[in-house]
Amino acid sequence: MQENLVLYNSLSRKKEKFTAINPPFVGMYVCGPTVYGDAHLGHARPAITFDLLFRYFQHIGYKVRYVRNITDVGHLENDEDHGEDKIGKKAKLEQVEPMEIVQFYSDRYHREMDKLNVLRPSIEPRASGHIIEQIELTQKILDAGYAYISNGSVYFDVEKYNEKYNYGKLSGRVLEDLYSNTRELDGQSEKRNSFDFALWKNASPEHIMRWPSPWGQGFPGWHAECSAMGHKYLGEKFDIHGGGMDLLFPHHECEIAQNTVAIGENSINYWIHNNMITINGQKMGKSLGNFITLEELFTGSNKVLEKAYSPMTIRFFILQAQYRSTLDFSNEALQAAEKGLIRLLKGVENLNNLKANKQNNFDAQKFRQDCYNAMNDDLNSPILISYLFDGLKTINSIVAGNENIDENNLNILKEVYDTFLFEILGLKLENENSGNNKILENVVNIVLNLRVKAKENKDWASSDFIRDELAKIGIIVKDKKDGFEWEIQ
RNA sequence: GGUACCUUGGCCGAGUGGCUAGGCACCGGUCUGCAAAACCGGCUACGGCGGUUCGACUCCGCCAGGUACCUCCA
């Protein structure tokens, strides 16, 4: 087992050596989607980031329990006092049961994540399935004296909490600043302070999603689910809590407050946050309306897209940036990723056909160690990928006969690509010519075989005619030494 | 307004107090009937102004520009 993994902890704002609480087990909780719309490029980033971590942990010998929730209740729009439930609103709009919305978008989320080769988590709990746990959490906080009841709702008393603990220790916020910077209360609020947050909300008569509780008919506050479910499945203390940087405040800050009171201080060791994907330098997000769904990316059906991009192109694009950096979307960047990935995968094909030599001038052990070092340094996937490209040059030189590799080093080299490219980065070969186009495939092959005959007869007019006419309808022919390849543009 | 962060070559994106990441594009070459593809090579950048230092893209200060969070967002 590699013991040198270093991860950036948002709590300390430093890179820290990772030490599991109870090795070889690792408990990891990641905030999943609120399922009221299609997954977009932004959703792919945490999914892939924590998939990378999940895969790497397993590779270096840990047994990981990976919990990623599905939020299906309690996530309100706008203001906590007056906002509408996101799922409930969509259900009304579509005139279906809220759970139909949840099922529909959960299924679609899974489908897109599968395409991205994101492994399913070990447990995927839903907020609506853990109402009792959230009521218990709320009751504990009430019993401890850090919450108050107001009109059938229960609010966390941040001011009181901050007297003993430090509200803001994760996000670096100071409560006094929040006083001056939050909007003035209009006098109608149920909350004592605007920064107090709901643990349980009283349901108005028109609110569809509602459950009985000691405080009346209602529903849980947004932050309650992660505290309740995380600790239910991972224990009182666990190793990692992850999510997007935009959840740092208030969501994760509130979770820490809840956990501290209801479960204990420092119940989670490492807080890990991925950065945002930007478009034209601006965050891609639901509220800005500048998001591109994954389905649109895969099919090219969005006017900002010059073409369709395959799931592996998207995955590679995301992995080419370190997860804590913003990543700027553009057609140019995506096409660069696409071409690079194809070249890398072709290199692996060459590698698998390599023949070992007696002589050797490649140090595969060092190469392997470099790759581990990159991953151990806070999952530096772009550096890892740069090494894999460096290795490609070596592979091609060996193919060309300019360098030599012996059997031992060749075996290690193959193992490194297998491990890092496929197992850890989670990339895979994609089959082009999607689906039921067997007939087209056969027809093109017949035509191109005719072209081979024409070339043998030095009938350049015919061979160029075939190539050019195919190009006109979007089929690109690539000659090879021993035959041809083609692809649909 | 408060808090934090960022500014790297045409584009994306790593990184370090001295040892030119990588990809894409571009240019040149090999190969090819030609072209494409593939392969090889070239392309030495770190917002501005000061300071610390033998030496700064890397540390410090100021300025400029940008972003995020402070309300829902991955």
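The rules behind these values
Residues numbered from 1 in each chain as written. Chains lettered and ligands numbered in written order. Predicted model: local features only at pLDDT ≥ 70, side-chain atom pairs only at ≥ 80, totals over all residues. Heavy atoms only, no water. Helix = DSSP H or I, 4+ residues; strand = E, 2+ residues; numbered from the N terminus. Buried < 20%, exposed > 50% of the residue type's maximum accessible area, 1.4 Å probe, protein only. Contact = heavy atoms within 4.5 Å. pLDDT = per-residue confidence, 0-100. Core = buried A, V, L, I, M, F, W, Y, C linked by side-chain atoms within 4.5 Å. Domains from an automatic or database assignment. Pairing = 2+ DSSP bridges. Axes fitted to C-alpha atoms, helices over the stretch in contact; angles between N-to-C directions.

Engineer: Hey, could you run me through the overall build of chain A in this one?
Structural biologist: A tally of regular secondary structure across chain A gives 16 helices and 15 strands. Counting only C-alpha atoms, chain A reaches 90 × 50 × 35 Å along its principal axes. Per-residue burial over chain A gives 51% buried out of 489 residues. Put simply, of all contacts in chain A between residues at least 6 apart along the chain, 74% involve residues at least 24 apart.

Engineer: Can you help me understand the confidence of the model for chain A in this one?
Structural biologist: Should the pLDDT be low somewhere, the predicted coordinates at that spot are not to be read in detail. Looking at chain A as a whole, its pLDDT mean stands at 91, while 95% of the residues score no less than 70. Between the elements of chain A, mean pLDDT differs from a low of 74, seen in helix H6 (residues 175-181), to a high of 98, seen in strand E4 (residues 63-68). Confidence drops under a pLDDT of 50 for residues 183-187, and excluding neighbours within four residues, the segment shows 5 contacts in the predicted structure.

Engineer: Explain the nonpolar core to me, please; I cannot follow it from the model alone.
Structural biologist: Most often, soluble globular proteins keep nonpolar side chains buried together rather than apart. Residues Phe18, Phe57, Leu297 and Phe329 are the most contacted members of the largest nonpolar core, which totals 83 residues. Residue contributions to this core peak at 10 residues, all from helix H1 (residues 41-59). Counting the residues that make up this core, at least three belong to each of domain 1 (6-274) and domain 2 (278-424). Not counting chain neighbours up to four residues away, the residues in contact with Phe329 comprise Leu41, Ile277, Thr278, Ile279, Asn280, Met284, Ile292, Leu297, Val304, Leu305, Phe317 and Leu334. Counting 39 residues, the second-largest nonpolar core is a separate cluster that includes Ile131, Trp222, Leu248 and Val261.

Engineer: I tried to follow the sheet that holds strand E8 (residues 218-220) on my own but got confused; where do I start?
Structural biologist: Sheets are built from strands paired through backbone hydrogen bonds, the pairs being either parallel or antiparallel. With respect to topology, 4 strands assemble into an open sheet ordered E5-E6-E7-E8, the strand pairing being antiparallel. Both outer strands of the open sheet, strand E5 (147-150) and E8, are each paired with one neighbouring strand and no more. Across the sheet, the mean angle from the axis of one strand to that of its neighbour is 20 degrees, orientation sign disregarded. Note that strand E6 (residues 153-156) and strand E7 (residues 197-202) share 3 bridges and pair antiparallel. What sits directly across from Val154, in E7, is Trp200. Across the sheet, helix H4 (residues 131-143) is in contact with E5, E6, E7 and E8; its angle to E7 comes to roughly 120 degrees.

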